[in-house]
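Summary of structural features
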Amino acid sequence: MRKLLAFTVTMALVAAVAAYLAWTQERPVAHYLSDLRITLAVNEGLPADRGNLVGIQPELFPADYQSLERLHLKLSAYLQKARDLGLINHKTVVVLPEHIGTWLMLTGEKNEVYQALHVKDAMNWLSVSNPLQFARAWISATGDSRTDDAYLRMKAPGMARDYQVLFGGLAKEFGVTLVAGSITLPNPSVSQGQLQVGHGALYNASVVFNADGLPVGQPQRQLYPIYDERGFIEPGDENVVSVVDTPAGRLGVLVGSDSWYPDNYRKLNEQGAQLIAVPAFVLGRDTWDRPWRGFKSVSTPTEISLKPEELSEGEAWRRLTLISQPPISQASAGMSVFLRGQFWDLATAGHSFASRQGQVSADGEARGARLLNLWL
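Think of each chain on its own: its residues are numbered from 1, step by step along the sequence as written. Local features in this predicted model are restricted to residues whose pLDDT is 70 or higher, and side-chain atom pairs enter the listing and the counts only when it is 80 or higher, whereas totals over whole chains, interfaces and linings include all residues. To get the side-chain values, all heavy atoms of the structure are used, and hydrogens and water are removed first.

A separate point is the overall build of the protein chain. Helix and strand definitions here come from DSSP, where helices need a minimum of 4 consecutive H or I residues and strands a minimum of 2 consecutive E residues; each element is numbered from the N-terminal end. When you go through the protein chain residue by residue, the secondary structure sums to nine helices and 20 strands. Relative to the compact-globule value of 21 Å for 376 residues, the protein chain shows a C-alpha radius of gyration of 22 Å, a close match. Here the C-alpha coordinates of the protein chain stretch approximately 85 × 45 × 40 Å along the principal axes. Burial here depends on accessible area, computed with a 1.4 Å probe over protein chains only, as a share of the maximum for the residue type. Under 20% is buried, over 50% is exposed, and the range in between is partly exposed. With 376 residues in all, the protein chain has 55% of them scored as buried. Residue pairs at least 24 apart in sequence account for 70% of intrachain contacts in the protein chain once pairs closer than 6 positions are excluded. Carbon together with sulfur atoms contributes 54% to the accessible area of the protein chain, which is approximately 16,700 Å² in total. Working convention for charge: Lys and Arg count positive, Asp and Glu count negative, and His plus the chain ends are omitted. Charge positions come from single atoms, namely NZ of Lys, CZ of Arg, CG of Asp or CD of Glu. When the 34 positive and 37 negative side-chain charges of the protein chain are each reduced to one mean point, those points stand 4 Å apart. The reference for a compact globule is 2.2 Å times residues^0.38; the radius of gyration itself is calculated from the C-alpha atoms. Contacts were defined at the residue level, with two residues in contact if any of their heavy atoms lie within 4.5 Å. A 1.4 Å probe and the Shrake-Rupley method give the accessible areas. Residues count as covered only by the protein chains that appear here.

Here it is, written out as structure tokens:
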């Protein structure tokens, strides 16, 4: 009788495990209507043969990431709008927001992930539906926030592949230079024209793709991750601020609040940067209008006299982001582009803005996807 009971329990457990594993493999794609509209919010300067900077501030939601095809549909619609308006040419540099690639961790997941009400619930579904990947990632995780590290690490090879396929493909499709926001990966690098993941710590990095769809130079890592991310994202080497050649001029990329540090502009000046792209991200629906909380890293530049709560978050971004303000920045123009949307109970803020010769042109409207253009 004991043997029969043990056999029955064993078979029940085997059946339960088999059913669970079968469930993890089910990835039905739910029907989803995405808003493909985008509004031209800023259009400065006159068309010339020097090219232009185009910023795309998308409005994104978890379901936009359910498949690569779905995300491509939305982003290509934005770029097609820019083309229809005559804003796309072979000297166009397109700038996308910070972390637009990081959310590729959601691609190909179960509907429960997208339908969750809270980010915690969504991440629980993510780990439960990818048990082996999550376990391996957790073992390899580093930093103080091991679980957050594992969520980002677990699908890193696929994320890197999808990032290049999507954003490199868009650059080639529209014949532009594309600053592909940023993506969080373990020790990312470019080798033989391919974005690769390595071992060790996670970095938030931006890759520039040329009109052939291939990466230009190495990923620019974020030098000063914000407080909320320092438990799982490692800061990049402060001495590595790179410039790449584009048809519109020499381009530097500063990720997020790296754009607040004057020394970064001096390093770009030394390399002859003419244009600066700032992929950015601000968490919290009302954060943009709330009092500025100060520098989001352990380091505060000595020449900055602003004090926390002295002005709003948005005013601080425009004051500190010296994308074309001589003498600290000798670039002729720059653009800061923010991610907008709602990721479960996490809302995003930020109004994108462009600057040329120290004159700022800002988008004052937060609703919907926004398009910014700056003729050089």
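The sites that carry the UniProt feature "domain: CN hydrolase" (unreviewed entry) are, in the present numbering, residues 169-278. Secondary structure across residues 169-278 divides into 14% helix and 37% strand, with the first and last C-alpha atoms of the span separated by 21 Å. UniProt positions are given in the numbering used here, feature names are shortened, and annotations may be inferred rather than shown by experiment.

Taken in spatial order, the six strands line up as E11-E12-E13-E15-E18-E19 in an open sheet, and their pairing is mixed. Edge strands, defined here as strands with exactly one partner in the open sheet, are strand E11 (243-246) and strand E19 (359-362). Taking the axes of each pair of neighbouring strands and ignoring which way they run, one obtains an average angle of 20° across the sheet. Two strands make a pair as long as DSSP finds a minimum of two bridges between them. Here E11 pairs with strand E12 (residues 249-253) via four bridges, running antiparallel. Bridging across to E12, valine 243 finds its partner in glycine 252. Between N-to-C directions, angles span 0 to 180 degrees; the directions come from axes that are lines fitted to C-alpha atoms, helices contributing only their stretch in contact.

Only rings of Phe, Tyr and Trp enter the pairing, Trp through its six-membered ring, and a pair is recorded when the two centres are within 6.5 Å. The plane angle decides the type: under 30 degrees is stacked, over 60 is edge-to-face, the rest tilted. For the structure shown, the criterion picks out 16 aromatic pairs. Arranged with centres 6.3 Å apart and planes meeting at 50°, the rings of tyrosine 65 and phenylalanine 343 form a pair that is tilted. Within this pair, whereas tyrosine 65 is found in the loop between strand E3 (59-60) and helix H2 (68-84), its partner phenylalanine 343 is found in strand E16 (residues 340-343), the two being separated by 278 residues in sequence. By way of ring pairs, the aromatic residues Tyr224, Trp260, Tyr261, Trp288, Trp292, Phe295, Trp317, Phe338 and Phe353 are connected into one cluster. Both a distance and an angle decide whether a charge sits over a ring: NZ of Lys or CZ of Arg must be within 6 Å of the ring centre and within 35 degrees of the ring normal. The residue whose ring lies beneath arginine 146 is tryptophan 138, and the NZ or CZ to ring-centre distance is 4.1 Å. Positioned above the aromatic ring of tyrosine 203, the side-chain terminus of arginine 221 is 4.0 Å from the ring centre.

Locating aspartate 162 in the fold gives a position in helix H7 (residues 156-174). Aspartate 162 has contacts with Leu68, Leu104 and Thr107, leaving out every residue within four places of it along the chain.

This brings us to the layout of surface pockets. Any residue with an atom within 4 Å of a point lines the site, the site being either a cavity, points on a 1 Å grid over the protein atoms alone where a 1.4 Å probe fits but cannot get out, or a pocket, an open set with protein on both sides within 12 Å along at least 5 of 7 lines. Grid points are joined across faces, edges and corners, and a volume is the space filled by probe spheres set on the points. Space inside the largest pocket adds up to approximately 880 Å³. Contributing to the lining of the largest pocket are 34 residues, with Asp228, Glu229, Phe232, Leu283 and Leu346 lying nearest its centre. If you list the elements that add at least two residues to the lining of the largest pocket, you get helix H4 (119-128), helix H6 (146-153), strand E14 (282-283), helix H9 (313-320) and strand E17 (346-349). Three residue categories are used. Nonpolar comprises Ala, Val, Leu, Ile, Met, Phe, Trp, Tyr, Cys and Pro, charged comprises Asp, Glu, Lys and Arg, and polar comprises the others, including Gly. Considering only residue class, the lining of the largest pocket consists of 17 nonpolar, nine polar and eight charged. By volume, the second largest pocket amounts to about 230 Å³. Along the walls of the second largest pocket sit Gln133, Arg136, Ala137, Ser140, Arg153, Met154, Ala156, Pro157, Pro186, Val197, Gly198 and His199, which together make up its complete lining. Counting only elements with at least two residues in the lining of the second largest pocket, the list comes to helix H5 (131-140) and H7.

Within H6 the residues assigned to the buried category are Asp149, Ala150, Tyr151, Leu152 and Arg153. Tucked inside the fold, the buried residues of H6 contact H4, H5, H7, strand E6 (183-186) and strand E9 (202-209).

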